[in-house]
Structures are given as C-alpha cells and as structure tokens.
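What follows is each chain in one-letter form.
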Amino acid sequence: MISVYIFVQQKLFCKYHNIFIVDIIIYINNNIGVMVLNLLNMRYFIEAAETLNFTKAANNLNISQQALSTHIAALERELDAELFIRSVPVTLTQGGLLFKKYAQRFLDEYSSMIHEMNDIKDERRGALSLGIAHTRGRILLPRILPHFQRAFPKVDIKITEGRNDEMQKSLSEGKLELLICKLPVIGANVRSEFFYQEKAVLMVSDALLEKYFGAEKDAVAKEIERTADIGPLEKLPFMLPHRGDLMRAVADELIGRAGFIPDIIVESENIETLLEMAVRGIGVTFYPKMFIDYSGFINFPDAFHIIPLNTPAAAYAMGFCCPKERYLSFAAREFIRIAKENIRL
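Below is a summary of the structure that appears in this document. (Residues numbered from 1 in each chain as written. Predicted model: local features only at pLDDT ≥ 70, side-chain atom pairs only at ≥ 80, totals over all residues. Heavy atoms only, no water.)

**As for the layout of surface pockets**
Gaps between atoms show up when a probe of the same size as a water molecule is rolled over them. By volume, the second largest pocket amounts to about 500 Å³. Contributing elements (two or more residues each) for the lining of the second largest pocket: α4 (94-120) and α6 (164-172). (1 Å grid on protein atoms, 1.4 Å probe; cavity = no way out; pocket = protein on both sides within 12 Å on 5 of 7 lines; lining within 4 Å. Points joined across faces, edges and corners; volume = space filled by probe spheres on them. Helix = DSSP H or I, 4+ residues; strand = E, 2+ residues; numbered from the N terminus.)

Have a look at this one:
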C-alpha cells in the first residue's frame, strides 16, 4: 500500500495562484521507505524536461542555471535515479520519462485543487491561463477582457499566443487551462464547447487579376464566388501561412479540391503580413471573414476583391477546449460565458 501525505513546508507569496503556498513537500510512504518530493522541484523538472535545455529552462523560470541544476540533483537523490542524460543535446532517461508523467499528474492535481479551493471560498481570484492564435487574440480579446476584468478584477490572466497546433500541444501538456481553437480537437483527454463559426474568404487584388485575365477579371471573380472553385487561379502566385496554421489547412483543402499544385511564393506565420502583401498585389491569400468584420483598422483599396467561398471546406467551428480530467475553475467557466455574450456572429 502506498500512502501520500502533503504538507506545507514554507509559506511564500505566489502571484500565479494568488495564495500563500509555494513550497510543498509530498511524503510518499511505499512500505520500503519514505520519499520526500518537493513540488517546486517538480515544476523545475517539467520545464527542463520540456525544453531539454538547462539554460533555456532556467531563463524561462527566471532562475540561474546553477539553481536549476541544484533542484534537479535534489530530485535525483530522492528518487535514487538519474533523470537526464547530460549530453548534447540533453535527453531524458527511462526514469526521467516515467517521472515526467507522474510529476505532470501531481502538478495538474495541485492546480485543480487550487482552482477548486478558490471556488469553494467563493473568492473571485486566482489565475487563468488562456491560449489563442495571434491575430484571433487581437480581434477577440479586446472585446472580451474588459467585461471579464470588471467581473473578476483579482484574476490574473496569462495569455499564450501561437499557432493552433502549438496551442493544442501546450493544452495537452497542462500549460493552459483554456484554449480557443478550431474544432474538433483530436485527443481523448480534451473536452470542448462550441464558440462560433468562422468562414475563410479569398483575397486578391484587382491588379493581379487583370494581369492574368485582362478584361475577364471580374467574370473570373464572380465565377469563383458562384462555384467556390479556385481552379481558375491555378497560374497565380499564392501566399500561405506555414503548415500547422488553421488557415493553411483551409487553403490546402480548397486547393486540393481544385486539383492543382500552387505556386507558393511566400509562407509566413503572420496572416496579417500575407494580407498586406495581397493588398499590394503580390499574390493570392486566404483570410478569416470574421477578422474583416470585427477589425476597425483594415482599409482595403476600392480595386480589391474579397471573394466569399460558399463551401463547407471554407467553414470551420471555433470552440473552447480544456483538459478533460482537470477541474475547470469558476473564472474559466465565466470567461466562456462572457465571451459567448460579447462575440456573436
């Protein structure tokens, strides 16, 4: 039989959880001996295990590399096992891989406990870690956060921005409590809730269409809008997001249906950069229609085509995702409610 006891070793202020518990000792009695594991050491280990670079991990944790090495060494002494193979690059041992799985589980349970304790105390405080794509965050969050902060002024919000696939990885690793992303999410350990429907539109300058189609340019644009078939643009240069981006997946689907291999002259992580180049007539790109509707500072020239694509391939659902086994805090549940009330498409 294994007995687990958790005690507070030291009381220090922790802004992340807005409480006075940081350094916790976990005593595990396995009938062979007593193992003493420090929760702070676990956090440091997880960061090192994720980056596999002690210098980068120490910078992320705002501690010295020597301090990080000391914490890792303490863990290895308690476990009586090496966790890392200290080579170039650093790799995890089999024991390190096993400990990472259980350490992450401990940290997830601790985070759930903190959220649930705050809810029980009926205190509108704590922290919310939210993931969202760069441009989508710029469009959505200014319309959500003012309402949320008025209701929850004591909740610290940590926003992580990146590509849809990167954010899903962070969610599965327990780094995010809530993620706004494309549905459905592949993974048995994630639960989701519908937010709104997005549609992609085709963006191309009038000058570029005229260069390739001459006097037929307007007829080509109307035919694409009528059929949602982008085949006529086969010879035009395309500018697309990197693979893994949500809009790239939509573009690949539409191009694949049209049956041609595109001439991709630019790839970028920033769809705003691609949009600006499309406005200047450099190439064709795709863009979420919702970003146009909600943005107050996109000025398109008169001779610019925003072509709707009325096909299921250009439409996709956005939703809220969270780890299935992790407690979802009251603040996170209220964030979802407030977001739905203020974003209506």
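**Considerations on the packing of helix α5 (residues 134-151) against helix α12 (residues 330-342)**
One way to put it is that α5 packs onto α12 with a least axis distance of 9 Å and a crossing angle of 130°. When the interaxial angle is binned, α5 and α12 end up oblique. Crossing of α5 over α12 shows right-handed handedness. Between α5 and α12, the residues in contact are Leu141, Arg143, Ile144, Leu145, His147, Phe148 and Ala151 and Ala331, Phe335, Ile338, Ala339 and Asn342, respectively. (Axes fitted to C-alpha atoms, helices over the stretch in contact; angles between N-to-C directions. Parallel < 35°, antiparallel > 145°, perpendicular 65-115°, else oblique. Left-handed = near helix turned anticlockwise from the far one by under 90°. Contact = heavy atoms within 4.5 Å.)

**What about the pairing of strand β9 (residues 190-205)?**
Relative to strand β14 (residues 315-323), β9 runs antiparallel, the two sharing nine bridges. Note that in β14 the partner of Gln197 across the bridge is Ala317. As paired strands, β9 and strand β12 (residues 285-288) are joined by four bridges and run antiparallel to one another. Considered in β12, the bridge of Val201 is made with Tyr287. In this structure, β9 lies alongside strand β13 (residues 304-308), joined through five bridges in antiparallel fashion. Directly across from Ser205, in β13, lies its bridge partner Phe304. (Pairing = 2+ DSSP bridges.)

**Here we look at unusual backbone geometry**
Following Val88, the chain continues to Pro89 via a peptide bond in cis, the omega torsion being 0°. By the secondary structure assignment, Pro89 is in the loop between β4 (84-85) and β5 (91-92). The linkage connecting Leu183 with the following residue, Pro184, adopts the cis geometry, with an omega of -5°. Locating Pro184 in the fold gives a position in the loop between β8 (178-183) and β9.

**Remarks on the pattern of salt bridges**
A side chain with one charge may pair with a side chain of the opposite charge, provided their charged atoms come close. According to the stated counting rule, one finds 18 salt bridges in the structure shown. With a closest N to O distance of 3.3 Å, Glu50 and Lys100 form a salt bridge. With Glu50 in helix α1 (residues 39-51) and Lys100 in helix α4, the pair connects residues that are 50 residues apart, well separated along the chain. Among the salt bridges present, the one from Glu272 reaches Arg138, with a minimum N-O distance of 3.2 Å. Of the two residues, Glu272 is situated in helix α10 (residues 271-279) and Arg138 in helix α5; the sequence distance between them amounts to 134 residues. (Salt bridge = Lys/Arg side-chain N within 4 Å of Asp/Glu carboxyl O.)

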